[in-house]
Amino acid sequence: MNFAINKGDNTEEFIDSLKEIYSVDQLKQLAKKNLYVCPYCQVSMHVRSGDDRGTYFAHPSNLACLESKQVERAYRQYKKQIQRESFRHPVLVSLIKDELDTAAAGRDLVEITEGYRVPRFKKHFPDLYVQIGSKEWAITILTDMTEHESLEHSRNFKARHQYFIENGLIPLWLIDKANFAAETVKSSILLWEIEWLSSHISKEDHAWKNEIATYIDREELFDVMGYTTSALSSIRKIDMKSIYYISQIEDKNYIRVFRFIDDAKGEIYRGFLLGETSRVPFSQALHIENEAFMLRDPEQELSFRKTFKENVLEAVERKREREKQILEEQQKELLQRIREEEKQAAVTPLVVEKVKELQETIPQIQPSVSLSRATSVSTVMSPQEKELDARFRQYFYELNRGKVQNLASHVPEKKYKEFLERMRTTRIEGASYILSSNHVWRPIILKWLEENYYLENWTVSVPIIRDVLKNTKVEFTENREEILKVPIKDFLIVYQKSLKRDLKVKSSFIIKI
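Residues numbered from 1 in each chain as written. Predicted model: local features only at pLDDT ≥ 70, side-chain atom pairs only at ≥ 80, totals over all residues. Heavy atoms only, no water.

**With respect to the overall build of the chain**
Step number 1: Looking only at helices and strands, one finds 17 helices and 19 strands in the chain.
Step number 2: By residue count, 45% of the 513 residues in the chain fall in the buried class.
Step number 3: Residue pairs in contact within the chain that sit at least 24 positions apart in sequence constitute 65% of those at least 6 positions apart.
Step number 4: Summing over all exposed atoms, the chain offers an accessible surface of approximately 28100 Å²; the carbon and sulfur share of this is 49%. (Helix = DSSP H or I, 4+ residues; strand = E, 2+ residues; numbered from the N terminus. Buried < 20%, exposed > 50% of the residue type's maximum accessible area, 1.4 Å probe, protein only. Contact = heavy atoms within 4.5 Å. Areas by Shrake-Rupley, 256 points an atom, 1.4 Å probe, with all protein chains shown as cover.)

**Section: the environment of Met-423**
Step number 1: Of note, Met-423 is situated in helix α14 (residues 413–425).
Step number 2: Relative accessible area serves as the criterion here: at 2%, Met-423 is assigned to the buried category.
Step number 3: C-alpha separation for the pair Met-423 and Val-494, spaced 71 residues apart in sequence, amounts to 8.1 Å.
Step number 4: In this view, Met-423 contacts Arg-442, Leu-446, Phe-491, Val-494, Tyr-495 and Ser-498; residues no more than four positions away in its chain are not counted.

**Some thoughts on helix α17 (residues 481–503)**
Structural remark: α-helix, 3.6 residues per turn; residues separated by three or four positions point the same way.
Step number 1: Taking 1.5 Å per residue as the helical rise, α17 with its 23 residues ought to reach 33 Å, and the 32 Å between its terminal C-alpha atoms agrees with that figure.
Step number 2: Looking one or two residues beyond α17, the residue adopting positive phi is Lys-504, at roughly 60°. (Expected span 1.5 Å × (residues − 1).)

**A look at the confidence of the model for the chain**
Step number 1: The share of residues in the chain with pLDDT of 70 or more is 81%, and the mean pLDDT across the chain is 80.
Step number 2: Considering each helix and strand of the chain separately, the mean pLDDT is smallest for helix α12 (residues 371–378), with a value of 37, and largest for strand β7 (residues 128–132), with 95.
Step number 3: Every residue in residues 361–380 scores below 50 in pLDDT, and together they form 28 contacts with partners more than four places removed in sequence or on other chains.
Step number 4: Of the regions scoring below 50 in pLDDT, residues 395–402 engages in 16 contacts with residues more than four places distant in sequence or in other chains. (pLDDT = per-residue confidence, 0-100.)

**A word on the packing of aromatic side chains**
Step number 1: Evaluation of the coordinates by the stated rule reveals 19 aromatic pairs.
Step number 2: Taking 5.5 Å as the distance between ring centres and 35° as the angle between the ring planes, the aromatic pair formed by Tyr-78 and Tyr-116 counts as tilted. You can see Tyr-78 sitting in helix α3 (residues 66–81) and its partner Tyr-116 sitting in the loop between β6 (110–114) and β7, a full 38 residues away along the chain. Here Tyr-78 matches Tyr-116 in class, with each residue buried.
Step number 3: Seen in terms of ring centroids, Trp-137 and Phe-293 are 5.0 Å apart; in terms of plane orientation they differ by 65°. Their pairing is edge-to-face. Highlighted residues: Trp-137 in strand β8 (residues 135–142) and Phe-293 in strand β17 (residues 292–293), separated in sequence by 156 residues. Take Trp-137 and Phe-293: they sit in the same class, and that class is buried. (Phe/Tyr/Trp six-rings, centres within 6.5 Å; stacked < 30°, edge-to-face > 60°.)

**With respect to the pairing of β8**
Step number 1: Summarising burial for β8: 7 of the 8 residues are buried, a large majority.
Step number 2: Count of turn residues in the β7/β8 antiparallel hairpin: 2 residues, of which Gly-133 carries a positive phi of about 65°.
Step number 3: Pairing of β8 with strand β9 (residues 169–176), which is carried by 7 bridges, proceeds in the parallel orientation. Residue pairing across strands places Glu-136 opposite Leu-169, the latter belonging to β9. (Pairing = 2+ DSSP bridges.)

**Focus: the pattern of salt bridges**
Here the idea is simple: oppositely charged side chains can pair when their charged atoms come close.
Step number 1: Evaluation of the coordinates by the stated rule reveals 24 salt bridges.
Step number 2: Among the salt bridges present, the one from Arg-259 reaches Asp-205, with a minimum N-O distance of 3.0 Å. Here the residue Arg-259 occupies a position in strand β13 (residues 252–264), and Asp-205 occupies one in helix α7 (residues 203–212), the gap between them amounting to 54 residues. Here Arg-259 and Asp-205 have matching classes, each one buried.
Step number 3: Linking Glu-289 and Arg-296 is a salt bridge whose minimum nitrogen-to-oxygen distance equals 2.9 Å.
Step number 4: Overall, the relative accessible area of 23% leaves Glu-289 in the partly exposed class. (Salt bridge = Lys/Arg side-chain N within 4 Å of Asp/Glu carboxyl O.)

**Let's talk about unusual backbone geometry**
Step number 1: Residues other than glycine seldom take positive phi values, yet Asn-34 does so here, at roughly 60°.
Step number 2: Looking at where Asn-34 falls in the secondary structure, it is placed in the loop between α2 (24–32) and β3 (36–37).
Step number 3: Judged by relative accessible area, Asn-34 falls into the partly exposed class, the value being 40%.

**Quick look at the side chain of Arg-296**
Step number 1: Topologically, Arg-296 is positioned in the loop between β17 and α10 (298–344).
Step number 2: Using a relative accessible area of 9% as the deciding quantity, one classes Arg-296 as buried.
Step number 3: At 2.8 Å, the side chain of Arg-296 forms a polar contact with the side chain of Glu-204.
Step number 4: Side-chain polar atoms of Arg-296 contact the side chain of Glu-289, separated by 2.9 Å.
Step number 5: When near neighbours in sequence (up to four residues on either side) are disregarded, Arg-296 contacts Lys-203, Glu-204, Arg-259, Val-280, Gln-284, Glu-289 and Glu-301. (Polar contact = N/O pair within 3.5 Å; in protein donor to acceptor, adjacent residues only side chain to side chain.)

Set out below in structure tokens:
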């Protein structure tokens, strides 16, 4: 066995710790004085040493009790389980156990022991088993992982993780800081599968998640904070997790808490890393709080959440300013193009002459007045004026039907604003193929349709709309044509139906694929 009871002060003594103080011969002499006894049967223990098993406590021949045999068997299995770990592993386990013992001092219903000493564990063992009230924890330390070892042991790790859960325990994995990797410029954390599986959802993660949801959604958060992803997913919720690394600064041990929003998993495991990370001393991180461990610095977390919110909202405002500039530039370009097209459009002398004649008869109506405006004026005219006005509106319509119009001038302002708002939020098939926010790409299409409206049936080209979006830096998940067409085509279909239903516009357009 690797431990025994010291009869002198009734404390547990571990052979590995004793070997750092005494030689093997000294330990054998102490054992001969009956200093060490079995924790289960109280029989005096010998100290033995050999090349195969090293130094260990042993019962006298043929006197080993059943309980000690079971623990010894479990300990050998446990040693095989941790054989890949570095020399730091037993040191860290011992340090964490000492902190837990301190945290549990004076508390009832708290049990802390080595995992291999718990009889119910037959296949896999946590480094430490902790029971706090009704909750049971499996604490395991991982050290010195390499990529090869991560792949090689991931199956075994998943089996251990699932085994703990099936046995009603909460797995808590603490990882050597040497394995941490992040793309700081892209706000991303990169994980091996073992690290990703070891991530934990804590009380503090729920606090972060709930607060972020009050001011931004997942898609826009990734966008404004510069986190790019290749994951083609319809997930909109924020899936917050934490991973805990052990680090040492000036001989003091800390738990570093890295919080991230889960994203890609498969060939790589990756997530959006949230701002600064907490550095919590062992004593505070392992402090017992409501049948759980604190694993955080509440004041730090409150400050981090406040700073993160300020940074996000500033990024949102910068993004909106950029979008506003882009839209203004696009509007100027479209207006310039329309003016050039109008200059090139030929107007027949006969129509011009008739318009002048009507303008002299009804001077209050100008060619720039919209059809709806001309209708409201005609209600106060004499029968002769109404006839001339009707003729004028017909000529005006014929004059402009083949020219680009502005839809906003032909519909009631209030209804048009309501129409635009619905189009910005209505569900569009394939919208997830566009990485840019709905607040970016939809107004661009709406503005283009408004300023390229015709009074007669006309054609809208999906490739043209696609080019307009690309020219304004709208990002798609990929460049395959069949993918790019889906959201644009569906948006145009919804737009056309709503145009007739909500605004009662009679003219229509053909969608060209």
